[in-house]
Amino acid sequence: MKVLVTGGAGYIGSHTVLSLLENNYDVIVYDNLVNSSIESIDRVEKLAGKKVEFIEGDICDKEKLSKVFEQFTIDAVIHFAALKAVGESAQIPLSYYQNNVYGTVCLLEVMQQHKVHNFIFSSSATVYGEENDVPYVETMKLGTPSSPYGASKVMVERVLGDLAQSNSNFRGVSLRYFNPIGAHESGQIGEDPKGIPNNLLPYVAQVAVGKREKLGIFGDDYPTKDGSCERDYLHVMDLAQGHVAALDWLNRHSEFSGVEAFNLGTGNGVSVFAIVKAFEKAIDKKIPFEVSPRRTGDLPAFWADANKANKALNWQAKRSVEQMMADTWRWQSTNPNGYLV
Ligand SMILES: NC(=O)c1ccc[n+]([C@@H]2O[C@H](COP(=O)([O-])OP(=O)(O)OC[C@H]3O[C@@H](n4cnc5c(N)ncnc54)[C@H](O)[C@@H]3O)[C@@H](O)[C@H]2O)c1
């Protein structure tokens, strides 16, 4: 089975491509490298001992995308390509809607033209917005996220719903990720953000290798156990395997059409302070930090109800917080400059 992976050179994409190869899927990666390096694909190929077809291109370029669908017989698409920095999305919202919403519409149009109907979308826990209570369950209504980034994910989920209504061949899966962290256990691939990291763990790891002076913790006065925000952190390899499970689910359910959403998380909230402590333990070194005021739009705590994915996809996030820390450190300490060699 041949799978087109948009954004496959990025953080979650590269780990998923590895899992797909290990499960005997053929993979074509389509990525414009705006936030990634081709080196990630070279390393995935070495780890898997298999080849990946790489095409540099933008999802907004329908002509180029069409050529890919003409050249290869594609059975399914996994769509990671997006811009993902929450703060930046408030500064340049139009770029986020153009890339994440218009780009997805372009991809779906080209898929329709070429009669490819199996689609897995990288959605996010952010689609539950501010109005839903924790734990988040898939039966809840889509919420109102506080950022244009989050809004772009809600819009795409709506687009998928409308497309499924209009086309009974469409078979979509929205995977709502919680907070992926960690790296492949080899230390060969991991998260390599360009510029200042937006997410907690890459920042902590860069402080640990001396690239940044200290960590900023936004708010210690939330109504949580220790006052810092709580999130549902899951290992990126568990998340990668969630995509293989979703593809298997589509393959098992040949009668299915429509769109189905699944939460991919552990079901546990872990605080920012707890993550910092776990990382310090893993590297046996203190991480200097400073508490600064809350960031607008940050929710105090959220985590997944992961029962639907556990049962239907036969998938579970298995790796521990300790393993997430150890694997992050292996990646960061052996690649202090990421993929820049
Ligand atoms: N990392 C997270 O915490 C998280 C959480 C929830 C959802 N997601 C979603 O998962 C997906 C992957 O996230 P990630 O953390 O791997 O991000 P990433 O930035 O590492 O990967 C995204 C990839 O898409 C590519 N890309 C972006 N715009 C493109 C375009 N127009 N055409 C072609 N390629 C393009 C980038 O070059 C990059 O390789 C994104 O859709 C993101 O919104 C991520």
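Residues numbered from 1 in each chain as written. Predicted model: local features only at pLDDT ≥ 70, side-chain atom pairs only at ≥ 80, totals over all residues. Heavy atoms only, no water.

*Asks:* Would you explain the sheet that holds strand 11 (residues 258-264) in this entry?
*Replies:* Strand-to-strand pairing in sheets goes through backbone hydrogen bonds, with the strands running parallel or antiparallel. Read across the open sheet, the 7 strands follow the order 3-2-1-4-5-6-11; overall the sheet is parallel. Only two strands of the sheet have a single partner each, and these edge strands are strand 3 (53-56) and strand 11. Each neighbouring strand pair of the sheet contributes to a mean axis angle of 20 degrees, computed without reference to strand direction. Relative to strand 6 (residues 171-177), strand 5 (residues 118-124) runs parallel, the two sharing 7 bridges. Note on strand 6: the bridge partner recorded for Ser123 is Arg176. Here helix 3 (residues 62-71) sits on the sheet and contacts strand 1 (2-6), strand 2 (26-31), strand 3 and strand 4 (76-79); the angle it forms with strand 2, its principal contact strand, is near 170 degrees. (Pairing = 2+ DSSP bridges. Helix = DSSP H or I, 4+ residues; strand = E, 2+ residues; numbered from the N terminus. Axes fitted to C-alpha atoms, helices over the stretch in contact; angles between N-to-C directions. Contact = heavy atoms within 4.5 Å.)

*Asks:* Sorry, what's going on with the environment of Glu39 here?
*Replies:* Following the sequence through the fold, Glu39 ends up in helix 2 (residues 39-48). For the pair Glu39 and Lys285, spaced 246 residues apart in sequence, the C-alpha separation works out to 30 Å. Polar contacts involving the side chain of Glu39 include one to the side chain of Arg43, which spans 2.8 Å. (Polar contact = N/O pair within 3.5 Å; in protein donor to acceptor, adjacent residues only side chain to side chain.)

*Asks:* Before we go on, may I ask you to explain the site of the ligand in this structure?
*Replies:* Around the ligand sit 28 residues, and of these Asp31, Asn35, Ser36, Phe80 and Tyr149 come closest. At 3.0 Å, a backbone N or O of Val34 approaches an oxygen atom of the ligand. A distance of 3.0 Å separates a nitrogen atom of the ligand from a polar backbone atom of Ile59. If the ligand stood free it would expose 830 Å²; the protein chains cover 96% of that surface. Of all the secondary structure elements, the ones that give two or more residues to the shell around the ligand are helix 1 (11-22), strand 5 and helix 6 (148-166). With 3 residues, the top contributor of residues to the shell around the ligand is strand 5. For the shell around the ligand, the class distribution of residues is 13 nonpolar, 11 polar and 4 charged. (Near = heavy atom within 4 Å. Areas by Shrake-Rupley, 256 points an atom, 1.4 Å probe, with all protein chains shown as cover. Nonpolar A, V, L, I, M, F, W, Y, C, P; charged D, E, K, R; others polar.)

*Asks:* Please clarify how the pattern of salt bridges should be interpreted in this entry.
*Replies:* When the charged atoms of two side chains lie near each other, side chains of opposite charge can form a pair. Throughout the structure, instances matching the rule amount to 13 salt bridges. The closest approach of N and O atoms between Lys51 and Glu45, which form a salt bridge, is 3.6 Å. A salt bridge links Arg295 to Asp298; the shortest N-O distance between them is 2.9 Å. (Salt bridge = Lys/Arg side-chain N within 4 Å of Asp/Glu carboxyl O.)

*Asks:* I keep staring at helix 7 (residues 200-208) and nothing clicks. Help me out?
*Replies:* For an α-helix, the turn length of 3.6 residues means that residues three or four places apart are oriented alike. Helix 7 sits mainly inside the fold: 8 of its 9 residues count as buried. Burial in helix 7 covers these residues: Leu200, Leu201, Pro202, Val204, Ala205, Gln206, Val207 and Ala208. The inward-facing, buried residues of helix 7 contact strand 7 (179-181), strand 8 (215-218), strand 10 (233-235), helix 9 (272-283) and helix 11 (321-334). Where helix 7 terminates, the next one or two residues include Gly210, which has phi positive at roughly 85 degrees. (Buried < 20%, exposed > 50% of the residue type's maximum accessible area, 1.4 Å probe, protein only.)

*Asks:* Can you help me understand the pairing of strand 8 in this one?
*Replies:* The side chains of a regular strand alternate, residue by residue, between the two faces of the sheet. What you see with strand 8 is a clean split: Leu215 and Ile217 sit on the buried side and Gly216 and Phe218 on the side with no burial. Pairing between strand 8 and strand 13 (residues 289-292): 4 bridges, direction parallel. When the sheet's bridge partners are listed, Leu215 is paired in strand 13 with Phe289.

*Asks:* Could you clarify how one ought to interpret the pairing of strand 6 in this entry?
*Replies:* When you tally the buried positions in strand 6, you get 7 out of 7 residues, the bulk of the element. Because side chains alternate across strand 6, one face comprises the buried residues Arg171, Val173, Leu175 and Tyr177, and the other comprises Gly172, Ser174 and Arg176, equally buried. Strand direction decides the pairing type here: strand 6 and strand 11, joined by 7 bridges, are parallel. Paired with Arg171 across the strands is Gly258, a residue of strand 11.

*Asks:* Can you help me understand the side chain of Thr6 in this one?
*Replies:* In this structure, Thr6 sits in strand 1. Of note is the side chain of Thr6, whose polar atom sits 3.2 Å from the backbone nitrogen of Ala81. Excluding residues that lie within four positions of it along the chain, Thr6 makes contacts with Tyr30, Ile59, Val77, Ile78, His79, Phe80, Ala81 and Leu107.

*Asks:* Just to check I follow, could you spell out the environment of Glu109 for this structure?
*Replies:* Along the polypeptide, Glu109 turns up in helix 5 (residues 93-113). The class of Glu109 is partly exposed, set by a relative accessible area of 33%. C-alpha separation for the pair Glu109 and His253, spaced 144 residues apart in sequence, amounts to 24 Å. Engagement of the side chain of Glu109 in a polar contact is seen with the side chain of Lys62, the distance being 2.5 Å.

*Asks:* Mind showing me how you'd approach the packing of helix 9 against helix 11 here?
*Replies:* When two helices pack together, their arrangement is given by the angle between the helix axes and the distance between those axes. Direction vectors running N to C along helix 9 and helix 11 enclose 60 degrees, while the axes themselves pass 9 Å from each other. As the angle between them shows, helix 9 and helix 11 are arranged oblique. Relative to helix 11, helix 9 is oriented so that their crossing is right-handed. Listed contacts from helix 11 to Ile275, Ala278, Phe279, Ala282 and Ile283 of helix 9 are Val321, Met325, Ala326, Thr328 and Trp329. (Parallel < 35°, antiparallel > 145°, perpendicular 65-115°, else oblique. Left-handed = near helix turned anticlockwise from the far one by under 90°.)

*Asks:* I tried to follow the packing of helix 5 against helix 6 on my own but got confused; where do I start?
*Replies:* The contact between helix 5 and helix 6 brings their axes to 9 Å, and the two run at 20 degrees. The orientation of helix 5 relative to helix 6 falls into the category roughly parallel. Crossing angle aside, the handedness with which helix 5 passes helix 6 is right-handed. Across from Pro93, Tyr96, Tyr97, Asn100, Val101, Thr104, Val105, Leu108 and Gln112 in helix 5, the residues of helix 6 making contact are Pro148, Tyr149, Ala151, Ser152, Met155, Val156, Val159, Leu160 and Leu163. For the contact of helix 5 with helix 6, the residue count by class is 14 nonpolar, 4 polar and no charged.

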